[in-house]
Amino acid sequence: MIYLKAFLFGGLICAIAQILIDRTKLTPARILVGAVVAGVCLSALGIYGPFKEFAGAGAAVPLTGFGHLLAEGVRTAIDEKGAIGILTGGLTASSAGIAAAMLFAYVSALIFRSKSK
Amino acid sequence: MQDQKDIKKTTYKDYAEKRASPSPLIRDTFLAFIFGGALCVAGQGLTALCLAWTGSEKTAGTLASLALIAIASILTGFGVFDKAARYGGAGMLVPITGFSNAMTSPAIDAKSEGWVLGVGAKIFNVAGPVILYGTLSSAVYGLIYYVLKTIIL
Amino acid sequence: MVRTVRPEHPVSVTVTAAVGGKKEWNGPLGARFDYIDESDRFGKKTWEQSEAESQAIALRLALNKSSLRETDLDAVVAGDLLNQCSSSSYGLMNFRIPFLGIFGACSTPAEGLLISTLMLDGGHYRRIGVVSSSHFCSAERQFRAPVEYGGQRPPTAQWTVTGAGAFILENAPGRVQIDGLQIGRIVDAGIDDPGNMGAAMAPAAFEAFRDFFEFSGKKPADYDLILTGDLGAEGSAILKELALRAGIDLKRHNDCGLMIYDRATQDVQSGGSGCGCSAAVMASYILPQMFEGNVGSVLYAATGALMSADAVKQGLCIPGIAHIVSLKADMKNNRGERAQ
């Protein structure tokens, strides 16, 4: 059941992004930025947390989930450490993902070379 | 005279925009839905696997994301990711795989300019805005949250 | 004021050579290329160096075909899409031929033919090489995104050709003579979408044809082929509509961007583009057809979208341009030369 929900809601978020790409002047880079900021906002409004409980990876895997991770991290850090959490919370919570992306990108750059299309 | 020319320009722009065949919306959206949904199912499956392994739900979620990032990075290296994204569109870009591709593709691409000024500088070319605006907006939210919390309590 | 020039002395194109990559090899003109590298690398490490090498190969082939040495060329006029014309400079630096680097985006091959025709007609030069190239990967890197980035293209987008064309021109009568030139004006049609360059260039092509037919006294029917540089499907359709409204009949029109790829199977959206597109089509197909006497007269208008990656990000419009070169095959001379 959770798999079906993950499929439907994850797919839905991507479908909305696709409609924005096709029908507006928004370039993919802007869509990605928009998705992360939207995730932060929805998390701030207390919507994304329950949604993630419900849709599982369908909410966690899209970049909106990355925004949620940042917002949640800030919230938890402020609750635990006070004002400094405003700055430390976001990157601390997302550090694994960002560091992994950097690491794998670098390793890929070591191994692979650009291929013609 | 100037006005007349400008009107002509806007007319041509409208004409060109109107006659340009738009991207096939239904096909694109359907494919984005399928690809994005499938990646989320994969994420769910990986989370379940990692949960069985580690026992912690939070770690499992993180590990699943890391696995997707790794797979997307390798597929980018093999030149498969961009071909899949040609069909999957937002279904490949909006999931965390798109973030990974956004880091790996400039890294591989910039190799020709060296490891510091090429790879080092350009690795954030595409993904940098995502990290910047994500962190920025979370900090703004944190500020609001902190102020509200201090006032109310 | 636009001037339509008719050279006072005979200027002829004597030999051409075309170089391409894998996608060009798989296109309808594939077998007509003189040299194909299916890896698109031309033996070099970076895409920029690959493109530079494609120019060197094209020029060397053209020289070999006509049994000329590099010292036989008085000048070479070359251009490409990359910043500071770097493919041309790096590709041709070892030739030790006096060099002029030019930029006209996809209109570069016509710009090169035009400039060298004027140089030859002026009498100061006897033999000039023209080279023009583009490379899909180096163009992606400069104008769009990293090559492996997973983006989608709108149906009006065009695919940068990996390839180069080289031409050798002489100030003597020959099989194919240049009998008309027209330098284009920059036309800003208000298009700012880099995914629709055909629409940005079509008005420039239209203006160029309108002026040419008005000033030269020639009619579209005087030509066997009216060829645009690379408007693609979208730009070609717009050009035809604009021409129809102005009462210019472009029935014999074709477009290099449509000829080089098979749009139905090659996933190139609106067609090919780039400095190598019309250069390769002219060098591999059109001019050889004229050399063989199968095509008598061609009106060649190469179009260019003169934008930079930063100008597009700054929201500026994409200015278009179209230079015209009118070519005529001398059928009698052709037979004579063959008999030798």
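For the structure, check the block above.
Read on for a plain summary of the structure. Keep in mind it's a predicted model, so treat the numbers as computed, not measured. (Residues numbered from 1 in each chain as written. Chains lettered and ligands numbered in written order. Predicted model: local features only at pLDDT ≥ 70, side-chain atom pairs only at ≥ 80, totals over all residues. Heavy atoms only, no water.)

**Here's the deal with the pattern of salt bridges**
Phase 1: A full pass over the atoms with the stated rule returns 24 salt bridges over all chains.
Phase 2: The salt bridge involving D79 of chain A is made with K149 of chain B; its shortest N-O contact spans 2.8 Å. Here K149 of chain B lies in helix α8 (residues 128-152) and D79 of chain A lies in helix α5 (residues 63-81), a pairing that spans two chains.
Phase 3: According to the relative accessible area criterion, D79 of chain A is partly exposed, its value standing at 41%.
Phase 4: Take K149 of chain B: its relative accessible area is 26%, and that puts it in the partly exposed class.
Phase 5: The shortest N-O distance in the salt bridge between D211 of chain C and R185 of chain C comes to 3.4 Å. Here R185 of chain C lies in the loop between β9 (176-182) and α6 (197-216) and D211 of chain C lies in helix α6, a separation of 26 residues in the sequence.
Phase 6: Residue class for D211 of chain C comes out buried when judged on its relative accessible area of 6%.
Phase 7: We classify R185 of chain C as partly exposed; its relative accessible area is 43%.
Phase 8: Here the salt bridges do not stand alone but share partners, grouping D109, E113 and K122 of chain B together with E48 and R141 of chain C into one network. (Salt bridge = Lys/Arg side-chain N within 4 Å of Asp/Glu carboxyl O. Helix = DSSP H or I, 4+ residues; strand = E, 2+ residues; numbered from the N terminus. Buried < 20%, exposed > 50% of the residue type's maximum accessible area, 1.4 Å probe, protein only.)

**Looking at the pairing of strand β6 (residues 127-134) of chain C**
Residue and element names in this part refer to chain C.
Phase 1: Among the eight residues in β6, eight count as buried, and that is most of the element.
Phase 2: The alternating pattern of β6 places R127, G129, V131 and S133 on one face and I128, V130, S132 and S134 on the opposite face, and all of these are buried.
Phase 3: Strand direction decides the pairing type here: strand β4 (residues 75-80) and β6, joined by six bridges, are parallel. By the bridge assignment, V76 is partnered in β6 with G129. (Pairing = 2+ DSSP bridges.)

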